[in-house]
Every structure is written in structure tokens, then in C-alpha cells.
Amino acid sequence: MAAVTAGMVKELREMTGAGMMDCKKALAETDGDMDKAVEFLREKGLAAASKKAGRIAAEGIVTTVVSEDGKSAAIVEVNSETDFVAKNAQFQTYVADVATQVLTSQATDMEGFLAEPWTQDNSLTVAQALSSQIAVIGENMNIRRYEKIVADGVVVDYIHGGGRIGVLIEADAEVVNDTVKEALKNIAMQIAALTPKYVKRDEIPQDFIDHEMEILKVQAKNENPDKPDNILEKMIVGRLNKELKEFCLVDQAYVKDGDLTVGKYLEQVSKEVGGKVDVKKFVRFETGEGLEKKEENFAEEVARQMQ
């Protein structure tokens, strides 16, 4: 049986909001498996559905760039070892150059992108330019991921927290003007804050719905062991619909006007500009999402450097 450490309990608590002892018990019951521990807590009604990947820890920044015509855009995450380097102007300029290259790149994967000539210096590949930056800055760096959107309609970007979160949003729009762009920027801010997984309900994979149903069934049975199955079924459907509204962008309550959903807000904007505006796709990157940061004792680090 895997030993349950204080760090594991702390991480599970941060991911789920459940109590310390509940987290410790969940990890003990699941042999230290973090994902299974989350499900254990949810089945007991002690944790909500996790909308974040958790373990957001690595340093670095997310940067976006949009073409002048608003028809294409790129988003990139570059990681560094420390927050100090992430705030460095040279590092930020480098990441902006990477995003600009992504915008014009024809590569279909990271391997192909790293093999491309570096547009800032054609004598180097992207990978060699990265190595050069590592040598100059003196800290390990990594181009972790990127995505490019080429649209028939319009693309709008949004950066939150100095590069902690970046969003690209693509929309089909019969009219493209400042009102439409402002509306899409508002929705991009919503995506940054509330982390939807899908644009619309019909995008949700059936296996995801089935998995959530199973968790909710166990949860409902644990909470109401004496209620008949037909009553429990209605409870489960109600809870599932509520959960799916949080996952779907157009079904979420619009943060700037709680009386509207995002979908209703888009209808309002469409009516105002005299042409339909419909969100087609979004990309949301959060720096360090899914990565674990190496935790070190600062005093021990200083002592090592003085040896």
C-alpha cells in the first residue's frame, strides 16, 4: 500500500476543497491514486466535479498573437524553472517571438515545429534557438504546447494575470465590428475565469456523460439509501444537467449579467449588430496546467549554493 504523505493530502484538498481528514481517508482507500481519490470524494458527496486539471504549478507564461485581419491566431505556453525568469523581459520577448512563428508555421506537431528554421535567425532551428536562450538565461526552458486557429469568421484573444492564462475564441460572425469583438473578449474572459470544457452540449462525448452518471448514482445512493430507484433517477438527471451547464460555455450564467446565459448574451449581441454571432471554438491554456512543480526548501537551496 502506498504511503500517504502530507503533500498528497494538501494537493487533494486544493483540487477538491474537501476536508483534510476526508482527503487522507480517500487517499488511503485508493492506495494513493489521486484520480481515484477525487472520485471517492465525489461519490461521498464531499467534492464537486473538478473543472480544472489540478496541479497547476510550473512557472512560465502563455502568450497569444492575432493576425491583423483577425482571421488567424496562435497561443503558446513556454515554461521556465522559476517565476523570476518568467517575469524577465528577455524571456517574455522570446515567448512572443515563438507565438509569432507559430502563426506562420506549417508544422503539424511539436517535433516538426522545433525542426523549422527560426524566423529570427534562419541559421538556427527553433530547437537550437531554444537551446541558445537556455544558455543565455541560465535556466531550463521548454516550449510545452501551442495551437493555431485559422478562421472564416473572426478570432479574438485574451490574456489574464500577465500570462498566467491565455484564451483564443473563434466565432462565425455575419458582422465583424468593435461591438462583436468586445462581446467575444467578454466571453474569452468568462472562459478564463470559469473553465468550460465545451462550447455546446452536443460536443460532450457520451463516455464522459456515462462516467459522470455512474459517479452521481453512487453519490445519490449514499446520500439517500432509502429512496426508491425512480426518485433517485430523477435526482441524478437533475444533478447531471446542472453539472453539464457548468461544463458548456453557452449554458453557463454570463458573469457580467447573471440573468443571461452566454448563449442568450450572444443572441442579444447578434440582434444589436444585425447579424448572427456564434462561438465555434475556444482554446484555453493555463500556465503549468497538469504539471507538478518541484518544491524545495529555500534555506537548503541557499546552503547548497554556498558550499
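K.L.:
Looking at this model, I keep getting lost on the overall build of the chain. Mind explaining?
P.N.:
Of the regular secondary structure elements, the chain holds twelve helices and eight strands. By its C-alpha atoms, the chain is 70 × 70 × 30 Å across when sized along the principal axes. Every one of the 307 residues in the chain was classed for burial, and the buried ones make up 44%. Of the accessible surface of the chain, which amounts to about 16,600 Å², a share of 49% is contributed by carbon and sulfur atoms.

K.L.:
I tried to follow helix α3 (residues 34-43) on my own but got confused; where do I start?
P.N.:
Along an α-helix, a turn takes 3.6 residues, which lines up residues three or four apart on a common side. All buried positions along α3 are accounted for by Met34, Ala37, Val38, Phe40, Leu41 and Arg42. Residues of α3 that are buried make contact with α1 (6-16), α2 (20-29), α9 (206-223) and α10 (229-247). Backbone nitrogen of Asp35 and a side-chain oxygen of the N-cap are separated by 3.1 Å at the start of α3; the cap is Asp33. In the stretch just after α3, Gly45 is the one whose phi turns positive, near 75°.

K.L.:
Can you help me understand the packing of aromatic side chains in this one?
P.N.:
In this description, an aromatic ring pair is defined by two values, namely the gap between the centres and the angle between the planes. If you walk through the whole model with that rule in mind, you get five aromatic pairs. Consider the rings of Phe208 and Phe247, whose centres lie 5.3 Å apart with planes at 80°: the pair is edge-to-face. With Phe208 in helix α9 and Phe247 in helix α10, this pair connects stretches of sequence that are 39 residues apart. Overall, the relative accessible area of 18% leaves Phe208 in the buried class. With 4.1 Å between their ring centres and 15° between their planes, Tyr254 and Tyr265 make a pair best called stacked. Of the two residues, Tyr254 is situated in the loop between α10 and α11 (262-273) and Tyr265 in helix α11; the sequence distance between them amounts to eleven residues. In terms of burial, Tyr254 and Tyr265 fall into one category: buried.

K.L.:
Hey, could you run me through the sheet that holds strand β6 (residues 154-160) in this one?
P.N.:
Two orientations exist for strands paired in a sheet by backbone hydrogen bonds: parallel and antiparallel. If you walk across this open sheet you meet the three strands as β6-β7-β8, and the pairing is antiparallel. Each having just a single partner strand, β6 and β8 (277-286) make up the two edges of the open sheet. The average angle at which neighbouring strand axes cross in this sheet is 15°, direction not considered. For strand β7 (residues 165-173) and β8, the ladder comprises nine bridges, and the chain directions are antiparallel.

K.L.:
Please clarify how the pattern of salt bridges should be interpreted in this entry.
P.N.:
Side-chain pairs of opposite charge can arise whenever the charged atoms involved come near each other. Scanning all chains against the criterion turns up 17 salt bridges. A salt bridge links Arg145 to Glu289, with the shortest nitrogen-to-oxygen separation between them at 3.4 Å. Here Arg145 is found in strand β5 (residues 141-150), whereas its partner Glu289 is found in the loop between β8 and α12 (298-306), with 144 residues between them in sequence. The exposure class of Glu289 is buried, given its relative accessible area of 15%. Between Asp278 and Lys200 there is a salt bridge whose closest N-O contact spans 3.2 Å.

K.L.:
Is there a simple way to think about the environment of Lys24 in this case?
P.N.:
By the element assignment, Lys24 lies in helix α2. Accessibility expressed as a relative area gives 46% for Lys24, which makes it partly exposed. C-alpha separation for the pair Lys24 and Met235, spaced 211 residues apart in sequence, amounts to 29 Å.

K.L.:
Any chance you could explain the environment of Asp35 here in plain terms?
P.N.:
Here Asp35 shows up in helix α3. Of the residues examined, Asp35 reaches a relative accessible area of 58% and is grouped as exposed. Separated by 23 residues in sequence, Asp35 and Leu12 place their C-alpha atoms 9.2 Å apart.

About the criteria used
- Residues numbered from 1 in each chain as written.
- Predicted model: local features only at pLDDT ≥ 70, side-chain atom pairs only at ≥ 80, totals over all residues.
- Heavy atoms only, no water.
- Helix = DSSP H or I, 4+ residues; strand = E, 2+ residues; numbered from the N terminus.
- Buried < 20%, exposed > 50% of the residue type's maximum accessible area, 1.4 Å probe, protein only.
- Areas by Shrake-Rupley, 256 points an atom, 1.4 Å probe, with all protein chains shown as cover.
- Contact = heavy atoms within 4.5 Å.
- Polar contact = N/O pair within 3.5 Å; in protein donor to acceptor, adjacent residues only side chain to side chain.
- Phe/Tyr/Trp six-rings, centres within 6.5 Å; stacked < 30°, edge-to-face > 60°.
- Pairing = 2+ DSSP bridges.
- Axes fitted to C-alpha atoms, helices over the stretch in contact; angles between N-to-C directions.
- Salt bridge = Lys/Arg side-chain N within 4 Å of Asp/Glu carboxyl O.

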